[in-house]
Amino acid sequence: ASRARTLHKNKTLVSRYGWQTVDTLRVRQLGETTQDFVSRMKHAGLLRSLLIVTIVYFLALCWGAVVLLRCLVRMVTRGPKAFFTWHALEERPRCLDDPDLGVHGYVRLQKSGVRLHYVKAGDDSKPLMVLLHGLPEIWYSWRHQIAEFQQDYRVVAADMRGYGESDKPAGRRAYRMEYLVEDIRELIEAFDSTSCVLVGHDWGGCVAYNVAMEYPHLVDRLVVMECPVIDPIQLNYLKHCYKHPGQFFKLAFQFLVHLPFLVELVFKSFDFSGLHTTFRGELTGSKTPGAITDEDFEVYKYYFSKPDPMAITGPFNYLRANLVTIPLQDLGGEKVTAPTLLLWGEKSFLGVAMAEMSRPFVPNLSLRVVEGASHWVQQDRPAVVNSYMREFLQQ
């Protein structure tokens, strides 16, 4: 019992200071007091955090210089007026109110006061399925899954905080992982459910992993698409880039985002060319013709082109608040205990090898590669994704 209390206390310190979980009974030096041990570990954790943050910001500055140079070249070739021109899409796309996709609703979270928007479909007597979108998406990215699973589940597709019609709190700290996890915990409980099937794509997948670790009793089964488990203190992301140098350049924007204003400016330039490149570009875009129609694209532009500056900054704050902080947050040795399905697009710019980063943290992991699919796997190959999900959920 004493050993258990000691380990629990140490885990609490880990969550507070961002250290890696250690067994104090094994590593504490002979004669060292608990206070001395805590001081030594805190110092080591902060030093490592400072080193990693310094590396990331150095890379951000280098990549920022390259991006600024490219922006200057584009301004010269296409004109500065075109570069700084962007238009808000004022007319609401009709597909957002398609009754076949469910009804719109809002829930006010008690702990943070944030109001989350969601779309719900399916009978209230059915098991709960919660869908979490990624960057830069909204609930609408799950349109194919809502249509598929609403006969068997009470499907709730949420706008994460900072997105769509949900509240967009100011400041990067408001997007720390602990707040995002609490958002989803309260969302699940708001539907009077003790557990759910939790599904996440991209950054929604990252939040889903953490919900499953922090509140395992809330997650019966976990489905994640195009997102590995990233533990900053273990450097598994940087180690992956070292082994796969080409991946570093494909994901350079994750370093660039730590520079203020630059990513937002590039994203909006030439009338939201960044949004167009994301969904329809050669590297990151959909690989299936017609998978993301003009109307679908207008849905995303409708929300990201709103005059509220947090309409763009809020989503990018997910990266700013969680990838580089002092002290770094680590997973503390925690693992996902729920049965987990990880879906990955064969032609994703992230690369299938990145999916393997999750295995040390997810012992009960099934990996399925979706042939011909891009990063936007649930929109690119919805029939295949739905069949893989149904097969997994019926096991």
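Residues numbered from 1 in each chain as written. Predicted model: local features only at pLDDT ≥ 70, side-chain atom pairs only at ≥ 80, totals over all residues. Heavy atoms only, no water.

**Q** For the overall build of the protein, give the residues involved together with the corresponding values.
**A** Of the regular secondary structure elements, the protein holds 15 helices and eight strands. Every one of the 395 residues in the protein was classed for burial, and the buried ones make up 55%. Contacts spanning at least 24 positions in sequence make up 74% of the contacts within the protein whose residues lie at least 6 apart. Approximately 18,000 Å² of the protein is accessible, and the part contributed by carbon and sulfur atoms is 57%. (Helix = DSSP H or I, 4+ residues; strand = E, 2+ residues; numbered from the N terminus. Buried < 20%, exposed > 50% of the residue type's maximum accessible area, 1.4 Å probe, protein only. Contact = heavy atoms within 4.5 Å. Areas by Shrake-Rupley, 256 points an atom, 1.4 Å probe, with all protein chains shown as cover.)

**Q** How would you sum up the packing of aromatic side chains? Please name residues and give values.
**A** If you walk through the whole model with that rule in mind, you get 15 aromatic pairs. A network of ring pairs unites the aromatic residues Tyr163, Tyr175, Trp203, Phe267, Phe272, Phe304, Phe316 and Tyr318 as a single cluster. The ring of tyrosine 106 carries arginine 115 above its face, with NZ or CZ at 3.9 Å from the centroid. A cation sits over an aromatic face here: lysine 306 above tyrosine 302, 4.2 Å from the ring centre. (Phe/Tyr/Trp six-rings, centres within 6.5 Å; stacked < 30°, edge-to-face > 60°. Lys NZ or Arg CZ within 6 Å of the ring centre and 35° of its normal.)

**Q** So, helix 7 (residues 203-214): which residues are in play, and what are the values?
**A** Helix length check: helix 7, at 12 residues, gives a terminal C-alpha distance of 17 Å against a target of 16 Å (1.5 Å per residue), a fit within 8%. Among the 12 residues of helix 7, 11 are classified as buried, and the element is accordingly described as predominantly covered. Every buried residue of helix 7 is accounted for by Trp203, Gly204, Gly205, Cys206, Val207, Ala208, Tyr209, Asn210, Val211, Ala212 and Met213. Buried residues along helix 7 sit in contact with strand 3 (128-132), helix 6 (177-190), strand 5 (196-201), strand 6 (219-225), helix 13 (310-322) and strand 7 (340-345). (Expected span 1.5 Å × (residues − 1).)

**Q** How would you sum up the pairing of strand 7? Please name residues and give values.
**A** The buried count for strand 7 comes to six of six residues, which makes it a mostly enclosed element. Neither face of strand 7 is exposed, since Thr340, Leu342 and Trp344 on one face and Leu341, Leu343 and Gly345 on the opposite face are all buried. Sheet topology note: the strand 6/strand 7 ladder contains four bridges and is parallel. Following the sheet pairing, leucine 222 is matched in strand 7 by threonine 340. By the bridge criterion, six bridges tie strand 7 to strand 8 (residues 365-370) in an arrangement that is parallel. From the neighbouring strand, tryptophan 344 faces strand 8, where its bridge partner is valine 369. (Pairing = 2+ DSSP bridges.)

**Q** Any details on the pairing of strand 5? Residues and values, ideally.
**A** Across the six residues that make up strand 5, a large majority, six, are buried. Two strands pair when backbone bridges link them, and strand 3 and strand 5 are joined in this way by four bridges, in the parallel orientation. Counterpart to leucine 132 in the pairing with strand 5 is glycine 200. Sheet analysis places strand 5 next to strand 6, joined by six bridges and oriented parallel. Considered in strand 6, the bridge of glycine 200 is made with valine 224. With respect to chirality, the unit in which strand 5 leads through helix 7 into the neighbouring parallel strand 6 is right-handed. (Right-handed = clockwise from strand over helix to strand, strands pointing away.)

**Q** Pulling in residues and values, what's your account of the pattern of salt bridges?
**A** Throughout the structure, instances matching the rule amount to 17 salt bridges. Put simply, glutamate 182 and lysine 111 hold a salt bridge, and the shortest N to O gap is 3.7 Å. Taken together, the residues span a long stretch of sequence, with glutamate 182 in helix 6 and lysine 111 in the loop between strand 1 (103-108) and strand 2 (115-121) at a distance of 71 residues. Residue glutamate 182 is classed as buried on the basis of its relative accessible area of 11%. Residue lysine 111 is classed as exposed on the basis of its relative accessible area of 62%. Across the pair arginine 320 and glutamate 264 runs a salt bridge, and its minimum N-O distance is 2.8 Å. One end of the pair, arginine 320, is in helix 13; the other, glutamate 264, is in helix 11 (residues 262-280), with 56 residues separating them in the sequence. (Salt bridge = Lys/Arg side-chain N within 4 Å of Asp/Glu carboxyl O.)

**Q** Explain the sheet that holds strand 6 residue by residue, including any values.
**A** Pairing is mixed in the open sheet, where eight strands are placed in the order 1-2-4-3-5-6-7-8. Of all strands in the sheet, those with a lone pairing partner are strand 1 and strand 8, marking the two edges. Averaged over all neighbouring strand pairs, the angle between strand axes comes to 20°, with direction disregarded. Bridging between strand 2 and strand 4 (residues 154-158) involves four bridges; their strand directions are antiparallel. Counted as the bridge partner of valine 119 is alanine 157 from strand 4. Helix-sheet contacts for helix 6 involve strand 1, strand 2, strand 3, strand 4 and strand 5, and the interaxial angle to strand 3 is about 150°. (Axes fitted to C-alpha atoms, helices over the stretch in contact; angles between N-to-C directions.)

**Q** Can you break down the confidence of the model for the protein residue by residue, with the values?
**A** In the predicted model, the protein carries a mean pLDDT of 85, and the fraction of residues at 70 or more is 82%. Note that pLDDT drops below 50 for residues 1-30; the model gives that stretch 49 contacts with residues more than four away or on any other chain. In this model, residues 37-44 is a region of pLDDT below 50 whose contacts with residues beyond four sequence positions or in other chains number 15 contacts. (pLDDT = per-residue confidence, 0-100.)

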